Amino acid sequence: MDAQELYEQLKKIQEARGYRFNADMSLTMPLMRSLLANRERYGYMACPCRLASGTFDSDRDIICPCEYRDADLDEFGSCFCGLYVTDEWNKKPELRTTVPERRPPEKLLAALGKK
């Protein structure tokens, strides 16, 4: 599977659930390629914008779509990566802002191999 095929497959699933991808394909397609690379590397599609530990149970919260996506969309109109966005975010660039990391520090430390 290549990035375009993954995009088409996920788009059907996610749009049926009311989610949208970033309309900027210069951002979206590299993220799709990174998801595929993480699936090859780890066996699951860890968020390409976060440090994964490589252990499924430790990374469960950042398997795309991550568990932080909905809160990010509700508050900022975009997820941390900018892959998932609201319709309004796609239409109004002036609304765009940096999305802060919601992942708890202990999860970040675990990904770094520190307890």
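Thresholds applied
Residues numbered from 1 in each chain as written. Predicted model: local features only at pLDDT ≥ 70, side-chain atom pairs only at ≥ 80, totals over all residues. Heavy atoms only, no water. Axes fitted to C-alpha atoms, helices over the stretch in contact; angles between N-to-C directions. Helix = DSSP H or I, 4+ residues; strand = E, 2+ residues; numbered from the N terminus. Parallel < 35°, antiparallel > 145°, perpendicular 65-115°, else oblique. Contact = heavy atoms within 4.5 Å. Nonpolar A, V, L, I, M, F, W, Y, C, P; charged D, E, K, R; others polar. 1 Å grid on protein atoms, 1.4 Å probe; cavity = no way out; pocket = protein on both sides within 12 Å on 5 of 7 lines; lining within 4 Å. Points joined across faces, edges and corners; volume = space filled by probe spheres on them.

1. Re the packing of helix α1 (residues 3-16) against helix α2 (residues 25-42)
In step 1: For the pair α1 and α2, the least separation of the axes is 9 Å and the interaxial angle reads 100°. Taken together, α1 and α2 sit at an angle that is classed as roughly perpendicular. The residues of α2 that touch α1, namely those facing A3, Q4, L6, Y7 and L10, are M25, T28, M29, M32, R33, L35 and L36.
In step 2: Here the contact of α1 with α2 is composed, by residue class, of 9 nonpolar, 2 polar and 1 charged.

2. A closer look at empty space enclosed by the protein
In step 1: A full pass over the atoms with the stated rule returns 1 cavity of 30 Å³ or more.
In step 2: Put simply, the largest cavity is a space of about 80 Å³.
In step 3: If you go around the largest cavity, the residues you meet are C47, P48, R50, C64, P65, C66, R69, C79, F80, C81, L83 and Y84.

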